[in-house]
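# Fold and contact review
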Amino acid sequence: MRCVLSVTSECVPLIKTGGLADVAGALPAGLAQTGWQMRTLMPAYPGLVAKAGAKKKVFAFKDLMGGPARVLAGVAGGVDVLLLDAPHLYDRPGGPYGNPTDFPDNPIRFAALSYAAACIARDGLSDGWRPEVLQAHDWQAGLAPTYLKLGGDHDVATVMTVHNIAFQGLAPAAMLGAMDLPISEFTSEGLEYWGQISTLKAGLVDADAITTVSPTYAAELMRPEFGMGLDGLIAHRAGDLSGILNGIDMDVWNPETDPEITPYSSTSLKGKAKNRKALMAEFGLSDITGPLAIIVSRLTSQKGMDLIADCAGQFVASGGGIAILGSGDPAIEDQMRLLARNHPGKIGLRIGYDEALSHRMFGGGDAVLVPSRFEPCGLTQLYGLRYGTVPVVAATGGLADSVINANVMAQSSNASTGFQFHPVDSLAFGHCLRRVTDMFADKSGWTRLQKRGMKQHLGWEASSAAYAALYERLTE
């Protein structure tokens, strides 16, 4: 087996705040089928050492940015994890990034993660394991290729994977010393970004290759409206850029075996009708004659949630219902509460996140709404396809890559799997919802649409093969 070190701030099943954790947790198993062994380095947040059974020390630091640290090896959900046990950085209450706001020393906390990754890549672990490839995920690991470069000659290939370019790991220039970064790196050709440090930019500059999580998002990142100020750099490195669409864990997300729902399959959707009835009861909905739409999302403008408030009334008036699960921008949360109050029995709301409830929502929903203004990949629409919960998506990023729009030609050739709309505004979204309602009225046509989605190849096989091919090219 050839070896790759994945560096991430979160990973299922240990800790999750978003899709990054799902990808970090699922990719190792897919890669194993291609001949690559992935070990995943992440912080040892409270409770994770016990959860992973991480007892074996495989690396140590006398002083890692303010205190001693060690790397402990364990296994969680089949993932080989390396936990960076640095109590002065990670042993604190709250989420991985803050409690409830961001920790002020986050730049140092994740610089330490990146520095540890570079040391492991260069020197290997005490158990003899050493990677040929280091893959850094998002800004939290963006400095890993930089620290590896600063250490001098090495034979480890580096990959910077961008899951969402909106988060760039910005820090004041005054933190250079605390992050063990030389002033020589603080240039426009290096990690300097409008007078600040950008750890994501550091990775984009110094990694041998750049990947992002869908082909369309890779193309979008070279445009000013999507590149968040880094479009010029990414365009300059276009020859090193590739987009690899994420997959999902087909065992965890399986309507035939999901313990949260009445089981069903693409050959028999009878169980889905029972799940729909149960979901309506759980959200206090009744007399929904049209499609029951679900929303499982962060409630932010990036996710297009303000468009829901603009279009929900028309959708409900046409017979539809909406079940919403999420949290985020307080103003948008308030919009959702107002919608639920104004449409009792038609719109139900749960503020927060509940993994089990999300499974019940996909099991019982007719459609899932994903009107994101930009979406690097998105997993929600993939879960929708898997569960026969028809995706209704903006034509952007991974949404455009993974959902085949039910236009005239796609319908006539039996290829469509959902609905796309563009541009991302209330007018286009409202028109798309009318198409959804019209299609739902054609029960046989809707059933065919559901079953086509459920038969799509959504696992990690193709994506893992693409990553393996990239690693092979980089290490030739």
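Here, residues in each chain are numbered from 1, in the same order as that chain's written sequence. It should be noted that, the model being predicted, local features are given only for residues of pLDDT at least 70 and side-chain atom pairs only at 80 or more, the latter also being counted only at that level, while totals for whole chains, interfaces and linings use all residues. Computation of side-chain values: all heavy atoms of the structure, hydrogens and water removed.

## Regarding empty space enclosed by the protein
Here is the rule we go by: Detection works on a 1 Å grid of protein atoms alone, calling trapped sets that fit a 1.4 Å probe cavities and calling open sets with protein on both sides within 12 Å along at least five of seven lines pockets, with lining residues defined by an atom within 4 Å of a point. Grid points are joined across faces, edges and corners, and a volume is the space filled by probe spheres set on the points. We count a stretch as a helix when DSSP gives it H or I for four or more residues in a row; a strand needs E for two or more, and each element gets its number in order from the N terminus. Any residue that is not Ala, Val, Leu, Ile, Met, Phe, Trp, Tyr, Cys, Pro, Asp, Glu, Lys or Arg is counted as polar, Gly included; the first ten are nonpolar and the last four charged.
By the definition in use, this model includes one cavity of 30 Å³ or more. Taken together, N106, P107, F110, A111, S114, W139, Q140, L143 and T199 form the lining of the largest cavity. Considering every element that reaches the lining of the largest cavity, the biggest residue donor is helix α4 (residues 106-123), with five residues. Residues that form the lining of the largest cavity fall into these classes: five nonpolar, four polar and no charged.

## Considerations on the sheet that holds strand β7 (residues 157-162)
The criterion, for reference: Should DSSP find at least two bridges between two strands, the strands are taken to pair. Helix axes are fitted only over the stretch in contact, all axes being lines through C-alpha atoms; the angle between N-to-C directions runs from 0 to 180 degrees. Any two residues whose heavy atoms approach within 4.5 Å are treated as being in contact.
Sheet architecture is open: nine strands sit in the order β3-β4-β5-β2-β1-β6-β7-β11-β12, paired in mixed fashion. Looking at the sheet topology across the chains shown, the edges are occupied by β3 (56-61) and β12 (241-243). On average, adjacent strands in this sheet sit at an angle of 25° to one another, irrespective of strand direction. Note: strand β1 (residues 2-7) against strand β2 (residues 36-43), six bridges, orientation parallel. Its bridge partner being in β2, C3 is matched across the sheet by Q37. Across the sheet, α4 lies against β1, β2, β3, β4 (69-76), β5 (79-85) and β6 (133-137), angled at about 145° from β2, the strand it touches most.

## Things to note about the nonpolar core
Keep this limit in mind: For our purposes a nonpolar core is just a set of buried Ala, Val, Leu, Ile, Met, Phe, Trp, Tyr and Cys residues, chained together by side-chain atoms within 4.5 Å. Only protein chains enter the accessibility calculation, which uses a 1.4 Å probe; a residue is then buried when its area is under 20% of its type maximum, exposed when over 50%, and partly exposed in between.
Core analysis: the largest hydrophobic core is formed by 80 residues, its most contacted members being L41, L84 and M179. Of all the elements, α4 adds the most residues to this core, at eleven residues. Not counting the four nearest positions on each side in its chain, M179 is found in contact with M65, P107, I108, A111, L143, Y147, A171, I197 and T199.

## As for the layout of surface pockets
Considered as a void within the structure, the second largest pocket measures approximately 660 Å³ in volume. Lining the second largest pocket we find 30 residues, and of these G25, A26, I248, D249 and V252 sit closest to its centre. Counting only elements with at least two residues in the lining of the second largest pocket, the list comes to α1 (19-32) and α19 (461-475). It is α1 that contributes the most residues to the lining of the second largest pocket, seven residues altogether.

## Observations regarding the pairing of β6
Most of β6 is tucked away, with five of its five residues classed as buried. Relative to β6, β1 runs parallel, the two being bridged by four bridges. Across the sheet, V4 pairs through a bridge with V133, a residue of β6. The pairing of β6 with β7 spans five bridges and is classified as parallel. If you follow A136 over to β7, its bridge partner there is M160.

## Quick look at the packing of aromatic side chains
Rules: To pair, rings of Phe, Tyr and Trp, with the six-membered ring standing in for Trp, must have centres within 6.5 Å; the planes then decide the type, stacked if under 30 degrees apart, edge-to-face if over 60, and tilted in the middle. Whether a charge sits over a ring comes down to the Lys NZ or Arg CZ being within 6 Å of the ring centre and within 35 degrees of the ring normal.
In this structure the tally under the stated criterion is 16 aromatic pairs. An aromatic cluster of three or more residues is present, and its members are F59, F61, Y115 and Y147. In this arrangement the basic side chain of R39 is found over the ring face of W129, its NZ or CZ atom lying 5.2 Å from the centre. Cation over ring: R92 sits above F103, and NZ or CZ is 4.7 Å from the ring centre.

## Description of the sheet that holds strand β10 (residues 196-198)
Across a sheet, paired strands are connected by hydrogen bonds in the backbone, their directions being either parallel or antiparallel. Spatially, the three strands line up as an open sheet ordered β8-β10-β9, and their pairing is antiparallel. In the strand order of this sheet, the two ends are held by β8 (170-172) and β9 (192-193), each with one partner. Pairing between β8 and β10: three bridges, direction antiparallel. Paired with P172 across the bridge in β10 is Q196. Relative to β10, helix α6 (residues 199-206) is tilted by about 55°, and along the sheet it contacts β9 and β10.

## A look at the packing of helix α17 (residues 426-441) against helix α18 (residues 443-454)
What counts is decided by this rule: Angle categories: roughly parallel below 35 degrees, roughly antiparallel above 145, roughly perpendicular from 65 to 115, and oblique for all the rest.
For the pair α17 and α18, the least separation of the axes is 5 Å and the interaxial angle reads 110°. The orientation of α17 relative to α18 falls into the category roughly perpendicular. Across the interface between the two elements, V436, M439, F440 and A441 from α17 touch K443, G445, W446 and L449 from α18. Per-class residue counts for the contact of α17 with α18 are six nonpolar, one polar and one charged.

## As for helix α10 (residues 270-282)
This is how it is decided: An expected span of 1.5 Å times one less than the residue number is assigned to each helix.
An ideal rise of 1.5 Å per residue puts 18 Å on 13 residues; α10 measures up with 19 Å between its terminal C-alpha atoms. Listed in full, the buried residues belonging to α10 are G271, K272, N275, R276, L279 and M280. Buried-residue contacts for α10 involve β13 (292-296), α13 (355-364), α17 and α18. Backbone geometry just downstream of α10 places G284 in the positive-phi region, at approximately 70°.

## Some points on unusual backbone geometry
Note that the residue after V12, namely P13, is joined by a cis bond; omega there is 15°. Considering the arrangement of structural elements, one finds P13 in the loop between β1 and α1. In this structure, the amide linkage connecting H422 to the following residue, P423, adopts the cis form with an omega of 0°. Its place among the elements puts P423 in the loop between β18 (419-421) and α17.

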